[in-house]
Amino acid sequence: MPAIEVTHLHKRYRNVVAVDDVSLTVEAGEIMGVLGRNGAGKTTTVETIAGVRRPDRGSVRVLGLDPIRQRAALRQVLGVQLQGTYLHGALTVAELVHLYRTFYPNPADGAELIESVGLTEHRDQRFEKLSGGQQQRLSIALALVGNPRAVILDELTTGLDPEARRKIWAVVEQLRDRGVTILLVSHLMEEVERLCDRVALIDAGRDIALDSPAGLIKQAGLTEKVTFRARSFDPTVLDRIAMVDDVEVRGDQVTVSGSGDLLQAVSSALVTAGVVATETRLRQPTLDDAFLSLTGFTFTDSTEDR
Ligand SMILES: Nc1ncnc2c1ncn2[C@@H]1O[C@H](COP(=O)(O)OP(=O)(O)OP(=O)(O)O)[C@@H](O)[C@H]1O
């Protein structure tokens, strides 16, 4: 049985269709990334999975439970960190963790949890006095208090500095090692490539691709590129290499597209032909390239209006 199963989800707010038709399945122990530009419907999708919103159509099952009808049971096994969590401002970090521990039969150790998100030295600080990044780290800790079997994390490292980000990634990796299923909304390519087994790409309220990061790159039909500089380059030198798809010459800048061991094949053909090439580089397609190819937008475009 999959840990999370969403089938033909549809959700609208008055006259805005936020989620048109999204289906996705997350297997137990898997880290699934949810990617898409602003307004694509990611948060609405994960909020519906968390039972915060009621779907207009379609079905959602999380660990075999209906998030609306079996909300109380779901809360015991699903940890949720959503955007803009509001917590009682007058309570300290330690008090909030202590309070949340009382909601669960087998809670995590409070001090260890606070340490894992790097808040030990702020444990006696009130929530309202924490910085935005510290508040966010606390909301991640609170999502994990109940030792959940599955976790939803919506933009978990947005706004965190690089050190805090790495610390949170290590927390997610420890969860993965314990077999916890994770649904992770992210705008950070590095985060997705590092953490996610598979990625659901959502655009205009629809799932448009569901694959591993490498699989998405493949699906987008992207090729490797070898670039170099050479004077008066004659592209027919590369004619006989089967793995070359295209050669573009602009002045002394040459770009060769293709697949396989392209760098090796191009380099030896250039040596054989006596071509003096400089600044030779291999550029592998990235997840950002796949995102651009599949949606028409780059990751950077997708976060520009934040
Ligand atoms: N509470 C709401 N009331 C009305 N419209 C909403 C509400 N929440 C979201 N929307 C709209 O629904 C659409 C999908 O929003 P959603 O927040 O799910 O997208 P998202 O992919 O999470 O975006 P982002 O990357 O900016 O967080 C958008 O057009 C948004 O304006």
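What you see is a predicted model; the values in this text were computed from it and never measured. (Residues numbered from 1 in each chain as written. Predicted model: local features only at pLDDT ≥ 70, side-chain atom pairs only at ≥ 80, totals over all residues. Heavy atoms only, no water.)

Caption draft 1: The arrangement of the site of the ligand in detail. Among the 15 residues in the neighbourhood of the ligand, the closest are listed as Gly39, Gly41, Lys42, Thr43 and Thr44. Between the ligand and the protein, one listed contact pairs an oxygen atom with a backbone N or O atom of glycine 41 at 2.9 Å. Residue lysine 42 places a side-chain N or O atom 2.7 Å away from an oxygen atom belonging to the ligand. For the ligand, whose accessible area on its own is 640 Å², the fraction buried by protein is 65%. Every element with two or more residues in the shell around the ligand is listed here: strand 2 (16–26) and helix 1 (42–49). Counting residues per element, the shell around the ligand draws most heavily on helix 1, which supplies three residues. Its residues assigned to classes, the shell around the ligand shows four nonpolar, seven polar and four charged. (Near = heavy atom within 4 Å. Polar contact = N/O pair within 3.5 Å; in protein donor to acceptor, adjacent residues only side chain to side chain. Areas by Shrake-Rupley, 256 points an atom, 1.4 Å probe, with all protein chains shown as cover. Helix = DSSP H or I, 4+ residues; strand = E, 2+ residues; numbered from the N terminus. Nonpolar A, V, L, I, M, F, W, Y, C, P; charged D, E, K, R; others polar.)

Caption draft 2: The arrangement of the pairing of strand 10 (residues 224–229) in detail. Only one face of strand 10 is covered, namely the one carrying Glu224, Val226 and Phe228; the face carrying Lys225, Thr227 and Arg229 has none of its residues buried. Relative to strand 12 (residues 253–258), strand 10 runs antiparallel, the two sharing six bridges. Along strand 12, the bridge assignment pairs phenylalanine 228 with valine 254. Two strands pair when backbone bridges link them, and strand 10 and strand 13 (residues 278–283) are joined in this way by four bridges, in the antiparallel orientation. Within the sheet, the bridge partner assigned to threonine 227 lies in strand 13 and is arginine 281. (Buried < 20%, exposed > 50% of the residue type's maximum accessible area, 1.4 Å probe, protein only. Pairing = 2+ DSSP bridges.)

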